[in-house]
Amino acid sequence: RGRHAAISNIIRKNRLGSQTRFVELIDRVLNELAPSYYIERQSLVDLCNFEGGVLAISKSSERNRLLRKMISIAPGERVPRHRLIRALIGEGALDEAEFELRVYEREIKRDGAWWRYSIELGQKEIEISPGNTEEKLRLCNALIQRAQEAISRFQNNKYVCRSFGEAALQKFTLDGDYDAFDDAVEQLRRAKLRIGDDDFSRYVSRLERVPNSYSS
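Residue positions are given per chain, counting from 1 as you read along its sequence in written order. With pLDDT at 70 or above as the cut-off, local features in this predicted model cover only qualifying residues; side-chain atom pairs require 80 or more to be listed or tallied, and sums for whole chains, interfaces and linings still use all residues. Excluding hydrogens and water, the side-chain figures rest on all heavy atoms present in the structure.

A word on the nonpolar core. Note on terminology: a nonpolar core comprises buried Ala, Val, Leu, Ile, Met, Phe, Trp, Tyr and Cys residues joined through side-chain atoms within 4.5 Å. Relative accessibility decides the category of a residue: with a 1.4 Å probe and only protein chains considered, values under 20% of the type maximum give buried, values over 50% give exposed, and everything between is partly exposed. Ranked by size, the top nonpolar core spans 57 residues in total, and within it Leu30, Met70, Phe181, Leu188 and Leu207 carry the most contacts. Contacts are assigned to residue pairs with any non-hydrogen atoms lying within 4.5 Å of each other. When neighbours within four sequence positions are excluded, Leu188 is seen to be in contact with Cys161, Phe164, Gly165, Phe200, Tyr203, Val204 and Leu207.

Spelled out as structure tokens, the structure:
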């Protein structure tokens with residue numbers, strides 16, 4: 001427990017002067033971790049959090065290297081995989097993200113996070129696609145079908161439902177099909193009642209107002 005507290009303290013006080021020193025520190029911590037112990041694996045997960053740790057590193061190559069190192073140390077931990085896939089999508093490294101998703105599917109499973117990031121990857125592919133609107137819409141329709149499958153499997157997962165909403169919004173901005181968008185929002189209204197999460201409820205309310213901004 002003392003070691004876990006010490007590592008947590010390192011995370012909280014991560015401003016050690018330079019990013020280089022901080023990267024070296026995390027490297028040393030990872031080298032000394034004993035992943036067979038739960039408390040040690042929890043320390044690794046703490047190093048993935050959004051308030052400090054690996055995600056405080058601005059250089060993407062170093063951040064992603066450390067995330068991959070975490071995965072190799074504790075392959076059963078999902079959080080480092082989540083952070084890596086999300087980072088790769090955000091950076092536009094879509095081939096790498098797709099590869100990591102395939103590995104995730106093989107070594108973990110198609111859980112809610114897999115579906116969520118699969119949808120986000122599809123959105124990013126559409127966003128940067130050089131195709132015309134017709135081609136983008138074809139991709140959007142295929143993505144919506146995938147997102148529909150996701151929420152049928154994980155209907156109470158607010159992150160999966162939100163990804164479905166974002167896919168529906170992306171399609172709506174391209175084709176302006178109010179009826180199709182409202183059908184999608186109606187599914188999310190029902191999900192809102194099941195999930196009972198304030199943050200997700202606010203998200204659905206924002207989607208409900210979207211058509212008004214287009215018609216005004």
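We count a stretch as a helix when DSSP gives it H or I for four or more residues in a row; a strand needs E for two or more, and each element gets its number in order from the N terminus. Each residue after the first adds 1.5 Å to the expected span of a helix. The first and last C-alpha atoms of helix α7 (residues 112-128) sit 25 Å apart over 17 residues, in line with the 24 Å expected at 1.5 Å per residue. With respect to burial, α7 is a largely interior element, 13 of its 17 residues being buried.

On to the packing of aromatic side chains, then. Working definition: a ring pair exists when centres of Phe, Tyr or Trp rings (six-membered ring for Trp) sit within 6.5 Å. Plane angles under 30 degrees give stacked, over 60 give edge-to-face, the rest tilted. What the rule picks out here adds up to 4 aromatic pairs. With a centroid separation of 5.1 Å and 85° between ring planes, the pair formed by Trp114 and Trp115 is classed as edge-to-face. The same class applies to Trp114 as to Trp115, namely buried. Relative to Tyr178, the ring of Phe172 lies with its centre 5.1 Å away and its plane at 80°, an arrangement referred to as edge-to-face.

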